[in-house]
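Residues per chain, in single letters:
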Amino acid sequence: MVNNIIEIKNLTKKFGNFTAVDNIKLSIREGEIFGFLGPNGAGKTTTISMLTTLIKPTSGTATIANHDLSEESVDIRSIIGVVPQSFSLFSELTAQENLTYIGRLYNMDAKEIKSRSEYLLKQMALFEHKERISGVFSGGMKQRLSLAASLMSNPKILFMDEPTTGLDPQSRIAIRELTEQLNKQGMTIIYTTHDMEEAEKICDRIVIMDKGRIIADGTAEELKHKIMSGHMIEVKLESEPKELSSELKKLPFVTAVEHSGQLINITVKRKEGVFFALSEFFLKKGIQVEEIKYREPSLEEVFVTLTKKDLRD
(Lines give C-alpha, C1' and ligand atoms only; values in the text may rest on other atoms or scores of the structure.)
Protein backbone atom coordinates (compact mmCIF):
# COMPACT_ATOMS: atom_id res chain seq x y z
CA MET A 1 0.00 0.00 0.00
CA VAL A 2 1.37 3.41 -1.00
CA ASN A 3 1.19 6.06 1.73
CA ASN A 4 0.42 9.72 1.13
CA ILE A 5 3.29 11.79 2.50
CA ILE A 6 1.47 15.11 1.90
CA GLU A 7 -2.25 15.76 2.36
CA ILE A 8 -3.63 19.17 1.42
CA LYS A 9 -7.18 20.16 2.36
CA ASN A 10 -8.87 23.40 1.28
CA LEU A 11 -5.57 25.30 1.27
CA THR A 12 -6.05 29.00 0.46
CA LYS A 13 -3.77 32.02 0.35
CA LYS A 14 -4.99 35.58 -0.16
CA PHE A 15 -2.96 38.76 -0.50
CA GLY A 16 -5.49 41.48 0.21
CA ASN A 17 -8.31 41.02 -2.29
CA PHE A 18 -6.21 38.76 -4.53
CA THR A 19 -6.56 34.99 -4.12
CA ALA A 20 -3.24 33.38 -5.11
CA VAL A 21 -4.22 29.83 -4.08
CA ASP A 22 -7.92 28.99 -4.03
CA ASN A 23 -9.15 26.13 -1.84
CA ILE A 24 -6.96 23.36 -3.27
CA LYS A 25 -7.18 19.70 -2.25
CA LEU A 26 -4.37 17.30 -3.09
CA SER A 27 -2.59 14.13 -1.98
CA ILE A 28 1.05 13.39 -2.82
CA ARG A 29 2.34 9.84 -2.49
CA GLU A 30 5.52 8.90 -0.70
CA GLY A 31 8.39 8.19 -3.11
CA GLU A 32 7.02 9.87 -6.22
CA ILE A 33 8.25 12.77 -8.32
CA PHE A 34 5.25 15.05 -8.29
CA GLY A 35 5.05 17.86 -10.85
CA PHE A 36 3.36 21.24 -10.52
CA LEU A 37 2.70 22.88 -13.90
CA GLY A 38 1.02 26.18 -14.63
CA PRO A 39 1.46 29.55 -16.33
CA ASN A 40 2.94 32.56 -14.55
CA GLY A 41 0.76 33.56 -11.62
CA ALA A 42 -0.97 30.18 -11.42
CA GLY A 43 -0.18 29.76 -7.72
CA LYS A 44 2.58 27.14 -7.93
CA THR A 45 5.25 29.05 -6.02
CA THR A 46 2.75 30.30 -3.43
CA THR A 47 1.65 26.71 -2.80
CA ILE A 48 5.26 25.58 -2.41
CA SER A 49 5.96 28.54 -0.09
CA MET A 50 3.09 27.47 2.17
CA LEU A 51 4.11 23.80 2.21
CA THR A 52 7.70 24.75 3.08
CA THR A 53 6.46 27.02 5.93
CA LEU A 54 7.77 30.24 4.33
CA ILE A 55 4.32 31.82 4.37
CA LYS A 56 1.19 31.00 6.36
CA PRO A 57 -2.06 29.92 4.69
CA THR A 58 -5.07 32.20 4.94
CA SER A 59 -7.21 29.12 5.53
CA GLY A 60 -7.16 25.37 5.08
CA THR A 61 -4.60 22.90 6.29
CA ALA A 62 -1.98 20.36 5.24
CA THR A 63 -0.06 17.51 6.82
CA ILE A 64 3.51 16.76 5.73
CA ALA A 65 4.86 13.38 6.83
CA ASN A 66 2.16 13.40 9.52
CA HIS A 67 3.15 16.86 10.78
CA ASP A 68 0.48 19.55 10.86
CA LEU A 69 1.43 22.58 8.76
CA SER A 70 -0.07 25.09 11.19
CA GLU A 71 1.16 23.54 14.44
CA GLU A 72 4.44 21.77 13.64
CA SER A 73 6.36 24.01 11.26
CA VAL A 74 9.69 23.40 13.05
CA ASP A 75 9.30 19.63 12.66
CA ILE A 76 8.42 20.09 8.97
CA ARG A 77 11.49 22.21 8.30
CA SER A 78 13.66 19.45 9.79
CA ILE A 79 12.53 16.86 7.21
CA ILE A 80 12.37 18.92 4.00
CA GLY A 81 14.87 20.42 1.61
CA VAL A 82 14.21 23.34 -0.75
CA VAL A 83 15.87 24.26 -4.04
CA PRO A 84 14.58 27.77 -4.86
CA GLN A 85 14.15 29.40 -8.27
CA SER A 86 17.14 31.68 -7.81
CA PHE A 87 20.45 31.29 -5.97
CA SER A 88 19.86 32.14 -2.30
CA LEU A 89 23.12 31.06 -0.66
CA PHE A 90 25.92 33.41 0.36
CA SER A 91 27.76 34.59 -2.77
CA GLU A 92 30.75 35.78 -0.73
CA LEU A 93 31.30 32.33 0.81
CA THR A 94 32.98 29.35 -0.82
CA ALA A 95 31.00 26.26 -1.73
CA GLN A 96 32.41 24.44 1.32
CA GLU A 97 31.66 27.38 3.64
CA ASN A 98 28.05 27.54 2.44
CA LEU A 99 27.48 23.86 3.18
CA THR A 100 29.23 24.14 6.54
CA TYR A 101 26.91 27.01 7.48
CA ILE A 102 23.83 24.96 6.48
CA GLY A 103 25.12 22.00 8.50
CA ARG A 104 25.48 24.16 11.59
CA LEU A 105 21.92 25.38 11.20
CA TYR A 106 20.86 21.74 11.51
CA ASN A 107 23.11 21.27 14.59
CA MET A 108 25.33 18.78 12.80
CA ASP A 109 28.75 18.19 14.40
CA ALA A 110 31.98 19.11 12.60
CA LYS A 111 32.80 15.53 11.59
CA GLU A 112 29.32 14.97 10.14
CA ILE A 113 29.40 18.31 8.30
CA LYS A 114 32.76 17.47 6.71
CA SER A 115 31.67 13.99 5.67
CA ARG A 116 28.25 15.03 4.34
CA SER A 117 29.43 18.16 2.52
CA GLU A 118 32.33 16.37 0.80
CA TYR A 119 30.03 13.56 -0.28
CA LEU A 120 27.49 16.01 -1.75
CA LEU A 121 30.13 18.17 -3.46
CA LYS A 122 31.44 15.04 -5.17
CA GLN A 123 27.91 14.00 -6.18
CA MET A 124 27.33 17.44 -7.69
CA ALA A 125 30.71 17.49 -9.50
CA LEU A 126 31.78 20.49 -7.38
CA PHE A 127 34.42 18.99 -5.11
CA GLU A 128 37.35 20.46 -7.04
CA HIS A 129 35.68 23.87 -6.75
CA LYS A 130 34.89 23.67 -3.03
CA GLU A 131 37.28 26.51 -2.10
CA ARG A 132 36.03 28.87 -4.81
CA ILE A 133 33.74 31.80 -3.97
CA SER A 134 30.27 30.66 -5.02
CA GLY A 135 29.36 34.07 -6.43
CA VAL A 136 31.62 33.43 -9.46
CA PHE A 137 30.03 30.06 -10.27
CA SER A 138 28.10 29.56 -13.50
CA GLY A 139 24.31 29.23 -13.33
CA GLY A 140 24.49 25.45 -13.48
CA MET A 141 27.15 25.26 -10.75
CA LYS A 142 25.10 27.55 -8.49
CA GLN A 143 22.04 25.38 -8.94
CA ARG A 144 24.01 22.22 -8.16
CA LEU A 145 25.36 23.91 -5.03
CA SER A 146 21.80 24.89 -4.07
CA LEU A 147 20.80 21.25 -4.51
CA ALA A 148 23.71 20.13 -2.33
CA ALA A 149 22.71 22.64 0.36
CA SER A 150 19.11 21.38 0.31
CA LEU A 151 20.38 17.81 0.89
CA MET A 152 22.70 18.52 3.83
CA SER A 153 20.07 17.35 6.35
CA ASN A 154 19.20 14.26 4.25
CA PRO A 155 15.54 15.31 3.92
CA LYS A 156 12.58 12.99 3.36
CA ILE A 157 10.97 15.45 0.93
CA LEU A 158 12.69 17.75 -1.56
CA PHE A 159 10.92 20.78 -3.03
CA MET A 160 12.40 22.00 -6.32
CA ASP A 161 10.92 25.27 -7.60
CA GLU A 162 11.73 25.62 -11.32
CA PRO A 163 15.31 24.41 -10.75
CA THR A 164 16.35 24.37 -14.42
CA THR A 165 15.02 27.79 -15.48
CA GLY A 166 17.67 29.75 -17.37
CA LEU A 167 20.21 26.93 -17.43
CA ASP A 168 22.05 25.64 -20.50
CA PRO A 169 21.03 22.21 -21.89
CA GLN A 170 23.93 20.37 -20.23
CA SER A 171 23.08 21.82 -16.81
CA ARG A 172 19.38 21.04 -17.25
CA ILE A 173 20.21 17.42 -18.05
CA ALA A 174 22.56 17.21 -15.04
CA ILE A 175 19.91 18.56 -12.63
CA ARG A 176 17.30 16.22 -14.09
CA GLU A 177 19.58 13.18 -13.72
CA LEU A 178 20.46 14.12 -10.14
CA THR A 179 16.75 14.49 -9.36
CA GLU A 180 16.00 11.04 -10.73
CA GLN A 181 18.91 9.53 -8.75
CA LEU A 182 17.60 11.03 -5.51
CA ASN A 183 14.13 9.69 -6.22
CA LYS A 184 15.48 6.19 -6.86
CA GLN A 185 17.05 6.38 -3.40
CA GLY A 186 13.54 6.86 -1.96
CA MET A 187 13.20 10.63 -1.72
CA THR A 188 9.83 12.23 -2.46
CA ILE A 189 10.28 15.18 -4.82
CA ILE A 190 7.89 18.07 -5.49
CA TYR A 191 8.92 19.65 -8.78
CA THR A 192 7.59 22.85 -10.38
CA THR A 193 8.53 23.67 -13.95
CA HIS A 194 7.47 25.48 -17.13
CA ASP A 195 9.21 22.84 -19.24
CA MET A 196 6.55 20.41 -20.51
CA GLU A 197 9.08 17.95 -21.94
CA GLU A 198 10.97 17.90 -18.66
CA ALA A 199 7.79 17.28 -16.66
CA GLU A 200 6.73 14.47 -18.98
CA LYS A 201 10.14 12.80 -18.71
CA ILE A 202 10.64 12.79 -14.96
CA CYS A 203 7.31 13.26 -13.15
CA ASP A 204 5.29 10.24 -12.01
CA ARG A 205 2.20 12.43 -11.59
CA ILE A 206 1.34 16.00 -12.54
CA VAL A 207 -1.14 18.67 -11.54
CA ILE A 208 -1.84 21.68 -13.71
CA MET A 209 -2.71 24.87 -11.83
CA ASP A 210 -4.28 28.03 -13.22
CA LYS A 211 -5.60 31.10 -11.41
CA GLY A 212 -4.96 29.51 -8.05
CA ARG A 213 -6.87 26.30 -8.71
CA ILE A 214 -5.97 22.75 -9.68
CA ILE A 215 -7.59 22.11 -13.05
CA ALA A 216 -6.09 18.69 -13.90
CA ASP A 217 -4.41 15.84 -12.02
CA GLY A 218 -2.90 12.59 -13.32
CA THR A 219 0.04 11.00 -15.09
CA ALA A 220 1.18 12.60 -18.35
CA GLU A 221 -0.51 9.82 -20.30
CA GLU A 222 -3.75 10.14 -18.33
CA LEU A 223 -3.85 13.88 -18.88
CA LYS A 224 -3.23 13.53 -22.61
CA HIS A 225 -6.06 11.06 -23.09
CA LYS A 226 -8.43 12.63 -20.57
CA ILE A 227 -8.19 16.18 -21.89
CA MET A 228 -7.54 15.74 -25.62
CA SER A 229 -10.77 14.26 -26.96
CA GLY A 230 -10.46 12.11 -30.07
CA HIS A 231 -7.40 10.79 -31.90
CA MET A 232 -4.75 12.80 -33.70
CA ILE A 233 -3.53 12.07 -37.22
CA GLU A 234 -0.58 13.73 -38.88
CA VAL A 235 -0.58 13.98 -42.69
CA LYS A 236 2.53 15.06 -44.57
CA LEU A 237 1.94 16.06 -48.19
CA GLU A 238 4.51 16.01 -50.99
CA SER A 239 3.89 19.67 -51.78
CA GLU A 240 2.15 22.59 -50.11
CA PRO A 241 -1.49 22.70 -51.28
CA LYS A 242 -4.07 25.42 -51.10
CA GLU A 243 -6.01 25.84 -47.85
CA LEU A 244 -7.76 22.54 -47.05
CA SER A 245 -8.96 23.04 -43.47
CA SER A 246 -12.55 24.02 -44.25
CA GLU A 247 -13.06 21.03 -46.57
CA LEU A 248 -11.47 18.56 -44.16
CA LYS A 249 -13.68 19.82 -41.33
CA LYS A 250 -16.75 18.84 -43.38
CA LEU A 251 -15.77 15.17 -43.14
CA PRO A 252 -18.11 13.54 -40.57
CA PHE A 253 -15.34 11.96 -38.46
CA VAL A 254 -13.16 15.13 -38.24
CA THR A 255 -13.40 17.41 -35.18
CA ALA A 256 -10.42 19.76 -35.70
CA VAL A 257 -7.78 20.63 -38.31
CA GLU A 258 -4.50 22.53 -38.12
CA HIS A 259 -2.78 23.18 -41.44
CA SER A 260 0.79 24.47 -41.76
CA GLY A 261 2.64 24.14 -45.05
CA GLN A 262 2.93 20.48 -46.06
CA LEU A 263 1.85 19.29 -42.61
CA ILE A 264 -1.78 18.81 -41.55
CA ASN A 265 -2.81 17.74 -38.03
CA ILE A 266 -6.30 16.28 -37.92
CA THR A 267 -8.28 15.32 -34.81
CA VAL A 268 -10.81 12.56 -35.46
CA LYS A 269 -13.61 10.96 -33.42
CA ARG A 270 -12.60 7.40 -34.22
CA LYS A 271 -9.73 5.40 -35.72
CA GLU A 272 -11.66 2.79 -37.71
CA GLY A 273 -11.49 3.39 -41.47
CA VAL A 274 -9.99 6.85 -41.09
CA PHE A 275 -6.75 6.22 -43.00
CA PHE A 276 -8.70 4.87 -45.99
CA ALA A 277 -11.20 7.76 -45.91
CA LEU A 278 -8.45 10.40 -45.74
CA SER A 279 -6.48 8.70 -48.51
CA GLU A 280 -9.62 8.77 -50.69
CA PHE A 281 -10.14 12.45 -49.86
CA PHE A 282 -6.62 13.45 -50.96
CA LEU A 283 -6.75 11.16 -54.02
CA LYS A 284 -9.92 12.86 -55.27
CA LYS A 285 -8.20 16.22 -54.78
CA GLY A 286 -5.20 15.04 -56.78
CA ILE A 287 -2.92 15.65 -53.81
CA GLN A 288 0.02 13.30 -53.22
CA VAL A 289 0.43 12.11 -49.59
CA GLU A 290 3.98 11.44 -48.42
CA GLU A 291 3.06 10.04 -44.99
CA ILE A 292 0.01 9.54 -42.80
CA LYS A 293 0.27 8.38 -39.18
CA TYR A 294 -1.33 8.51 -35.76
CA ARG A 295 0.24 11.02 -33.38
CA GLU A 296 0.10 11.19 -29.60
CA PRO A 297 -0.87 14.62 -28.24
CA SER A 298 1.93 16.37 -26.35
CA LEU A 299 1.70 17.56 -22.76
CA GLU A 300 2.17 21.08 -24.10
CA GLU A 301 -1.00 20.73 -26.18
CA VAL A 302 -2.87 19.58 -23.08
CA PHE A 303 -1.46 22.53 -21.13
CA VAL A 304 -2.49 25.10 -23.77
CA THR A 305 -5.93 23.50 -24.13
CA LEU A 306 -6.54 23.88 -20.40
CA THR A 307 -4.93 27.27 -19.74
CA LYS A 308 -5.58 28.87 -23.17
CA LYS A 309 -3.06 30.95 -25.10
CA ASP A 310 -3.45 34.21 -23.17
CA LEU A 311 -0.15 35.76 -22.14
CA ARG A 312 0.39 36.02 -18.37
CA ASP A 313 2.33 38.58 -16.39
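It should be noted that the structure appears before, not after, this text.
Everything numeric in this text was worked out from a predicted model, so none of it was measured.

Undergrad: Account for the sheet that holds strand S14 (residues 289–295), with residues named and values stated.
TA: Sheet architecture is open: four strands sit in the order S12-S13-S11-S14, paired in antiparallel fashion. The two strands at the open ends of the sheet, each matched to only one other strand, are strand S12 (254–260) and S14. Along the sheet, successive strands turn relative to each other by an average axial angle of 15 degrees, direction set aside. Sheet topology places S12 next to strand S13 (residues 263–268); six bridges connect them, and they run antiparallel. Paired with Glu258 across the two strands is Asn265, which belongs to S13.

Undergrad: Can you lay out the packing of helix H3 (residues 95–105) against helix H4 (residues 110–123) for me, pointing to particular residues and giving the numbers?
TA: It is at 10 Å that the axes of H3 and H4 come closest, and there the two elements cross at 130 degrees. The orientation of H3 relative to H4 falls into the category oblique. Seen from above, H3 lies across H4 with right-handed handedness. Residues Ala95, Gln96, Leu99, Thr100, Gly103 and Arg104 of H3 pack against Ile113, Ser117, Glu118 and Leu121 of H4. Here the contact of H3 with H4 is composed, by residue class, of four nonpolar, four polar and two charged.

Undergrad: Run through the environment of Phe303, naming residues and quoting values.
TA: Inspection of the secondary structure puts Phe303 in helix H11 (residues 299–307). Owing to a relative accessible area of 11%, Phe303 belongs among the buried residues under this scheme. Counting along the chain gives 80 residues from Phe303 to Leu223, while the straight-line C-alpha distance between them is 9.3 Å.

Undergrad: Provide a residue-level description of the pairing of strand S4 (residues 59–64), including the pertinent values.
TA: Where strand S1 (residues 4–15) lies against S4, five bridges are found, and the strand directions are antiparallel. Looking at the pairing, Ile6 lines up with Ile64 of S4. Pairing between S4 and strand S5 (residues 67–68): two bridges, direction antiparallel. In the sheet register, Thr63 faces S5, and the bridge partner there is Asp68. Between S4 and S5, which pair antiparallel in sequence order, lie two residues; one of them, Ala65, sits at a positive phi of approximately 50 degrees.

Undergrad: Go over the nonpolar core with me, naming the residues and quoting the values.
TA: Counting residues in each nonpolar core, the largest one holds 42 residues, and the members touching the most others are Leu147, Leu158 and Ile206. Residue contributions to this core peak at five residues, all from helix H5 (residues 139–150). If you look at the next biggest cluster of nonpolar residues, it comprises 26 residues, including Leu26, Ala42, Leu69 and Ile79.

Undergrad: So what about the packing of H5 against helix H6 (residues 169–184)? Which residues, and what values?
TA: Axes are the key here: two packed helices are described by the angle between their axes and the distance separating the axes. Interhelical geometry of H5 versus H6 gives an angle of 15 degrees and a closest axis separation of 10 Å. The angle between H5 and H6 falls in the class roughly parallel. Note that H5 runs across H6; the crossing there is right-handed. Packed against H5, whose contacting residues are Gly140, Gln143, Arg144 and Leu147, the element H6 presents Ser171, Ile175, Leu178 and Leu182 at the interface. For the contact of H5 with H6, a count of residues per class yields four nonpolar, three polar and one charged.

Undergrad: Describe the sheet that holds S5, and please don't skip the residues or the numbers.
TA: Reading across from one edge, S2-S1-S4-S5 is the order of the four strands in this open sheet, with antiparallel pairing throughout. Each edge of the open sheet is held by one strand with a lone partner, namely strand S2 (18–29) and S5. Where S1 and S2 come together, eight bridges link them in antiparallel fashion. From the neighbouring strand, Ile6 faces S2, where its bridge partner is Ile28. Relative to S1, helix H1 (residues 44–51) is tilted by about 115 degrees, and along the sheet it contacts S1, S2 and S4.

Calculation criteria
- Residues numbered from 1 in each chain as written.
- Predicted model: local features only at pLDDT ≥ 70, side-chain atom pairs only at ≥ 80, totals over all residues.
- Heavy atoms only, no water.
- Pairing = 2+ DSSP bridges.
- Helix = DSSP H or I, 4+ residues; strand = E, 2+ residues; numbered from the N terminus.
- Axes fitted to C-alpha atoms, helices over the stretch in contact; angles between N-to-C directions.
- Parallel < 35°, antiparallel > 145°, perpendicular 65-115°, else oblique.
- Left-handed = near helix turned anticlockwise from the far one by under 90°.
- Contact = heavy atoms within 4.5 Å.
- Nonpolar A, V, L, I, M, F, W, Y, C, P; charged D, E, K, R; others polar.
- Buried < 20%, exposed > 50% of the residue type's maximum accessible area, 1.4 Å probe, protein only.
- Core = buried A, V, L, I, M, F, W, Y, C linked by side-chain atoms within 4.5 Å.

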